[in-house]
Amino acid sequence: MNQLSKKQLVARLLQSFGKKMLSSRPVQEHETELVIDKADLPEVCRTLVQEKKGRLFTMVGNDERELSGHFALYYVFAFDQLQHLITVKTLLEEADPVFPSISAQIPAANWYEREVKDLLGLRALGHPDRRPLILHGDWPEDQYPLRKDFSAALPVSRQPDRGTSMQYSGRDVTEIPVGPIHAGIIEPGHFRFGAVGDTVLHLDAKLFYTHRGLEKSAEGLPLTKALFTAERICGVCALSHAVAFAQAVEAAAQLTPPPRALYLRSLFLELERLYNHIGDLGNLCAGFGFAVGVSHGSRLREQLQQLNEELAGHRYLRGVIQLGGLRLDVTPAELSRLLTVLEQVEADFDELMDIILSHDIALDRMATTGVLSLQQANDLEVVGVAARASGRAVDIRRSHPYAAYGQLDVPLVQYTQGDVLARFKVRAEEVKTSLQIIRQIVCQIPAGAIWAPVPEIQPYTRAMGWAESPRGEVCHWLMVGPEQTVFRYRIRSAAYSNWPAVPLTVPGNIVPDFPLINKSFELCYSCCDR
Amino acid sequence: MLEQFLWIIGQGLLVALMAPLLQGVIKKTKARLQNRLGAPILQPYYDIVKYLQKDAVISDQASWLTRATPYLVFCVMLTAGLLVPTLWGQAPLGMAGDLIILVYLFAVARFMTALTALDAGSAFGGMGSSRDMALSAIAEPALFLAAVAVLITGGTSRLGDIMAITVRQDWNVLDPAYGLACLAMLIVVIAETGRIPVDNPDTHLELTMIHEGMLLEYSGRYLGLMVWAAQIKQLLILTLLIDLFFPWGVALTPGVSGLLAAGAVYLGKLLVLGIILALIETAYAKMRLFQVPRLLASSMLLSLLAIMVRIAK
């Protein structure tokens, strides 16, 4: 598809909005922004999703009162076929910070709209769920941390908890509260089951216990320092977040890093996927008490993390990325060492998959457990492994290539059953495709510089960066402020997109199967909570 | 009289002190099979000593049951330990009861544990007890039936008598009834000791727990006693398996040298059984909760077959 026809296609796509469109402009190479009146929001968004087949990519609320005297909402839709993003922007008056909700038509907007209420005080009228999301019931209702006039340094006095969990009642329905403190060493989340006997009727998940206010604390930081924040959003997807942030900055500066840097980014991203997927596959076995799988999974993961340390000096690949490229290069000797280690790991991995996938009880526990239907996955805009296991073909490495993925062959792994077993198999096959991609990179990697200086960025330029993390696509939305600082930084992780889907898969299953279902999604709490 | 007294003390000590060792062996074997180094074999002793020295934290919702149950369960298990022959072909309290009272003592301990798990009102205790009660409704008759399949030959319900008969007759091990009953018993052993594929003793996933779920509210010395009692029960269940199916080597006449030899044989058999349990646990994964009754039902079916074969002879 050449550039011209793409432009035409985008123009045709926007034609139908006619007079509703107050203005439109291209933002970055792959993004068009249109401004509409807030009253038209539901209709325009519904058309984009239901007729034009866009998917809600992220949604950002922004306090732009010092720029234009308004709050702004950005709904970003991705059009995978076009390789294009369309941002719907609308302005809200300070005196009347409400807007019509689109969640009833587009369920995926549910969390986003609740989030702008909690953090910016922008209220979605007609939202089906009016409970707070990020700030729990003990947070005062008139304090909005992401408004520019809220000081992060001042303490906020807490109020008595408003009680925002779902209550279950009725004969024979037992309420089972679990967490946020668990028996094992895992992240905090509060789950409330309504169950009859051991069969689950409904599950309500309350997250955001690890909300650290990273987006607020990043504001005002120089871009180079904000990169460290990006690396610390999540422990196990550190590199994906770092790459996404660096790409957002580079897009804002209209800089393309040197080819070698792009290839190396892809290499490290695949290494991150490898250690995560293999570790997750092993951990999944803990869901049905198969200790052999767990211990071999963690052994292989350890091998891969030691490889990471050898190559990058960090087991979780922190400190690899730099704005404009990479901080470190890889020597040919290291590349051949990499291939040797991966060969060993692959042989052991194949054997482990053979053991697990020929184990009757393991298969019985995984098959038909925790089914996420394609309809649910589409409605909630689920991403990553969970989406591909339900027959939803989203892989941002293919649809909006970044780093060196445009030059690499990235096969799509897809299953349609949507159960735990399908998610297991998607991960297992993605390990194999990751290994293939790494081999391609080692063959094709060009010589040259690994870094280019980032030119000065105009204040209030905005841009996005994205990466397919092991859990699915992450999207970083960035508006640069004066003097190369962060004005607004919105992190939408894969976990944020996928968490709302988890409670849907549990009803009908039995309570002791929940840990297995949860492990099969393997979502992170801290990068969801931020 | 003094001998009787010493015998009771001796067997009580033997059962109580051997139980953590068996647990240690099983855990060590499992760790080695899973590619791990594992804790030292004596770790269960250290754990119990540690627990017993610690202060207990008890929910303010809990009643006296939470305080009483650990002592009660521990004493019940020790009493049960005096009803199962270990080294000598008679149990110290053999005159007081037979296999039936043993099954009932286990039931008392289970009932008290399940009841107390509801005491503090935590969700996991409730789930643990409801699951344990549901499974025990099938596990108990399965245990009884498997034992009956053997006891029926001797026409007795006394363990000591059937052991003597088995050892003296030295009947054909290849008897199909014997094999069927032994397999049935092995399934019961796995269920009663709370091991994979029925329950997972090592899990941290509170939603999947059965026995461990009932212990979540205990701490300190109470936890120590409950853990120790569970280990004693495990030892007793294995001893029962030994007594019913592999009694050879047990001392039938009093005498120090005979008892020592029997002790060595008993220890050896326990360790072998422990290793077999660890092997099963490593090779299997935990099955779906609602399929466990099927497993136990198959155990009962095997026992019934064994009884039929026995009667047909």
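Structural data are supplied above this passage.
Computed from a predicted model, the values in this text were never measured in an experiment.

**Things to note about the overall build of chain B**
So, step 1. A tally of regular secondary structure across chain B gives eleven helices and zero strands.
So, step 2. For chain B, the N- to C-terminal ordering of α and β elements is α-α-α-α-α-α-α-α-α-α-α.
So, step 3. A compact globule built from 313 residues should have a C-alpha radius of gyration of about 20 Å, and chain B, at 19 Å, falls within 12% of that.
So, step 4. Over its C-alpha atoms, taken along the principal directions, chain B stretches across nearly 55 × 45 × 40 Å.
So, step 5. When burial is assessed residue by residue, chain B has 54% of its 313 residues classed as buried.
So, step 6. Sequence separation of at least 24 residues holds for 82% of the intrachain contacts in chain B that already meet a minimum separation of 6.

**Section: the pairing of strand β2 (residues 31-36) of chain A**
Residue and element names in this part refer to chain A.
So, step 1. The buried fraction of β2 is high, at six of six residues.
So, step 2. Where strand β1 (residues 21-26) lies against β2, five bridges are found, and the strand directions are antiparallel. Note that in β2 the partner of Arg25 across the bridge is Glu33.
So, step 3. With antiparallel pairing between neighbouring strands as the criterion, β1 and β2 make up a hairpin whose turn holds four residues.

**What about the packing of aromatic side chains?**
Residue and element names in this part refer to chain A.
So, step 1. Enumeration over the complete set of coordinates arrives at 19 aromatic pairs over all chains.
So, step 2. Each ring, one from Trp111 and one from Tyr496, has its centre 5.5 Å from the other, and the planes form 75°; the classification is edge-to-face. Of the two residues, Trp111 is situated in helix α4 (residues 110-120) and Tyr496 in helix α16 (residues 494-498); the sequence distance between them amounts to 385 residues. Of the two residues, Trp111 and Tyr496, both sit in the buried class.
So, step 3. A connected cluster of aromatic rings, assembled from ring pairs, spans Phe191, Phe193, Trp499, Phe514 and Tyr525.

**Details of the sheet that holds strand β10 (residues 199-206) of chain A**
Note: strands within a sheet are paired through backbone hydrogen bonds, in either parallel or antiparallel orientation.
All names here are of chain A.
So, step 1. Pairing is antiparallel in the open sheet, where three strands are placed in the order β8-β9-β10. Whereas interior strands pair on both sides, the edge strands pair on one side only; in this sheet they are β8 (174-178) and β10. Each strand of the sheet is rotated relative to its neighbour by a mean of 20°, with strand direction disregarded.
So, step 2. The pairing of strand β9 (residues 190-196) with β10 spans seven bridges and is antiparallel.

**Describing a nonpolar patch on the surface**
So, step 1. Residues Leu2, Phe5, Leu6, Ile9, Leu13 and Leu17 of chain B make up a contiguous nonpolar surface patch of about 610 Å² in total accessible area.
So, step 2. In this fold, Leu17 of chain B is placed in helix α1 (residues 2-33).

**Describing the sheet that holds β2 of chain A**
Residues and elements named next belong to chain A.
So, step 1. Read across the sheet, five strands follow the order β1-β2-β5-β4-β3 without closing on themselves; strand pairing throughout is mixed. Every interior strand has two partners, whereas the edge strands, β1 and β3 (55-64), have only one. The average undirected angle you get between the axes of adjacent strands in this sheet is 20°.
So, step 2. Taken together, the nine bridges between β3 and strand β4 (residues 70-79) define a ladder with antiparallel strand orientation. Note that in β4 the partner of Asp63 across the bridge is Phe71.
So, step 3. Sheet strands touched by helix α2 (residues 41-51): β2, β4 and β5 (84-93). Its angle to β4, the strand with the most contacts, is close to 15°.

**Observations concerning the nonpolar core**
So, step 1. Counting 265 residues, the largest nonpolar core has Tyr75, Phe193, Phe245, Phe268, Leu338 and Trp499 of chain A together with Leu244 of chain B as the members making the most contacts within it.
So, step 2. Each of domain 1 (3-125) and domain 2 (214-529) of chain A contributes no fewer than three residues to this core.
So, step 3. Beyond its immediate stretch of four places on either side in the chain, Leu338 of chain A contacts Leu267, Leu271, Leu307, Leu311, Ile438 and Val442 of chain A.
So, step 4. Val385, Ala389, Tyr415 and Ala422 of chain A belong to the second-largest nonpolar core, a separate cluster that totals six residues.

Calculation notes
- Residues numbered from 1 in each chain as written.
- Chains lettered and ligands numbered in written order.
- Predicted model: local features only at pLDDT ≥ 70, side-chain atom pairs only at ≥ 80, totals over all residues.
- Heavy atoms only, no water.
- Helix = DSSP H or I, 4+ residues; strand = E, 2+ residues; numbered from the N terminus.
- Rg over C-alpha atoms; globule rule 2.2 N^0.38 Å.
- Buried < 20%, exposed > 50% of the residue type's maximum accessible area, 1.4 Å probe, protein only.
- Contact = heavy atoms within 4.5 Å.
- Pairing = 2+ DSSP bridges.
- Phe/Tyr/Trp six-rings, centres within 6.5 Å; stacked < 30°, edge-to-face > 60°.
- Axes fitted to C-alpha atoms, helices over the stretch in contact; angles between N-to-C directions.
- Patch = residues over 30% accessible without salt bridge, like charges linked within 9 Å, V, L, I, M, F, W, Y side chains within 5 Å.
- Areas by Shrake-Rupley, 256 points an atom, 1.4 Å probe, with all protein chains shown as cover.
- Salt bridge = Lys/Arg side-chain N within 4 Å of Asp/Glu carboxyl O.
- Core = buried A, V, L, I, M, F, W, Y, C linked by side-chain atoms within 4.5 Å.
- Domains from an automatic or database assignment.

These results come straight from atomic positions and should not be treated as a statement about function.
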